[in-house]
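# Structural features, examined
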Amino acid sequence: VTVASSPGTLELSNDNAIVKESEVKQNVITDEGKLYQQAKGSVFKIESDCCTGSGFLVDKAGLILTNCHVACDSMHLAVKIAESEKYPAELVASDLIEDVAVVRISPDAVSALTPLELAKDSQTTPPVTVGERVVAIGSPLTAETLITSGIVGKVEVGAILSDININHGNSGGPLFDMRGKVVGITTFGLPTPNGPGVSGIIRIHLAQALLN
């Protein structure tokens, strides 16, 4: 095929027109700001009798993933999805050992929101690798929908360890890879006297069985 142009011509053939699959990155979010804008509306503040934490929408039926220690053993649960919108919630499934819980609010409350996409994850095929950049969104301390970023320091069968900053209230929130897929649930921090320490994130495959 010859494409006319000025001042010359461009010759296209099967050889120079092929684009390698590895050179095309689909669904890639190039920076943390874009990821935050895309995902923040589906990350919520969870309020229980004992504490506050975070959670995120995974299904249009009103299903929200969070930590068991945030939602379990509470007589009253509420989910704040916006500044002036708070809804009662119910605990529908929990796994105390893995510290994962599913709560539900009315589907009408989230009808305009998009559930977050979970990354493909299995015991033998983790969704992230050491050194990869990750992003967390949650409601630490008195803040709401706050973003922090870091890198993966270690990947274990049940957890991801990272230098990402996790504080009280982040528990139950999503950890994203840079494609915007949820790779884990932010759960705990191991602080040190001289710095923020290391954060622990439950790998998302441990929540999949509970969701199913």
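Below, the structure is looked at part by part. Everything numeric here is computed off the predicted structure, so don't read it as measured data. (Residues numbered from 1 in each chain as written. Predicted model: local features only at pLDDT ≥ 70, side-chain atom pairs only at ≥ 80, totals over all residues. Heavy atoms only, no water.)

## Points about the overall build of the protein
Using the following cut-off: Only DSSP runs of H or I covering at least 4 residues are called helices, and only runs of E covering at least 2 are called strands; the numbering of each starts at the N terminus. Two residues form a contact once any of their heavy atoms are found within 4.5 Å. All accessible areas in this document rest on Shrake-Rupley with a 1.4 Å probe, and a residue is counted as covered only by the protein chains that are shown.
When helices and strands are tallied, the protein shows three helices and 14 strands. Counting only contacts in the protein whose residues sit at least 6 apart along the sequence, the fraction spanning at least 24 positions is 59%. Accessible surface, the protein as shown: approximately 11500 Å² in total, 53% of it carbon and sulfur.

## Considering the state of the cysteines
Condition: When two cysteine sulfur atoms are found within 2.5 Å, that pair is recorded as a disulfide. A simple rule labels every residue: compare its accessible area, found with a 1.4 Å probe on the protein chains alone, to the largest value its type can have, and call it buried under 20%, exposed over 50%, or partly exposed in between.
Taken as a whole and assessed by the stated rule, the structure comprises one disulfide. Across the disulfide from Cys 68 sits Cys 72; the S-S distance is 2.4 Å. Disulfide Cys 68-Cys 72: torsion about the S-S bond near -110 degrees, hence left-handed. With relative accessibility at 3%, the residue Cys 68 sits in the buried group. On the accessibility criterion, Cys 72 (10% relative accessible area) is buried. Cysteine Cys 50 shares no disulfide, and the gap to the nearest cysteine sulfur, in Cys 51, comes to 3.4 Å. On the basis of relative accessibility, which here comes to 25%, the residue Cys 51 falls in the partly exposed class.

## Details of helix α1 (residues 32-39)
Spelled out, the test is: Throughout, the arc means that of the directions going from the helix axis to the C-beta atoms. Polar contacts here mean pairs of N or O atoms no more than 3.5 Å apart (in protein, one a potential hydrogen donor and the other a potential acceptor; neighbouring residues in sequence count only if both atoms are side-chain atoms).
Among all positions of α1, only Leu 35, Tyr 36 and Ala 39 are buried. Take α1 and look down its axis: the buried residues cluster within an arc of 100 degrees, on one side only. Facing away from the buried side of α1 by over 90 degrees, the exposed positions are Gln 37 and Gln 38. Of the surrounding elements, those touching the buried residues of α1 are β3 (43-47), β9 (133-138), β10 (146-155) and β12 (174-176). Of the residues that open α1, the one with a side-chain oxygen 3.1 Å from the backbone nitrogen of Gly 33 is Asp 31.

## What to know about the pairing of β10
Convention followed: Should DSSP find at least two bridges between two strands, the strands are taken to pair.
Looking at chain direction, β9 and β10 are connected through six bridges and run antiparallel. From the neighbouring strand, Ile 137 faces β10, where its bridge partner is Ile 147. Alignment of β10 against strand β11 (residues 159-162), held across three bridges, turns out to be antiparallel. Paired with Val 155 across the strands is Ile 160, a residue of β11. Hairpin connection from β10 to β11: three residues lie between these consecutive antiparallel strands.

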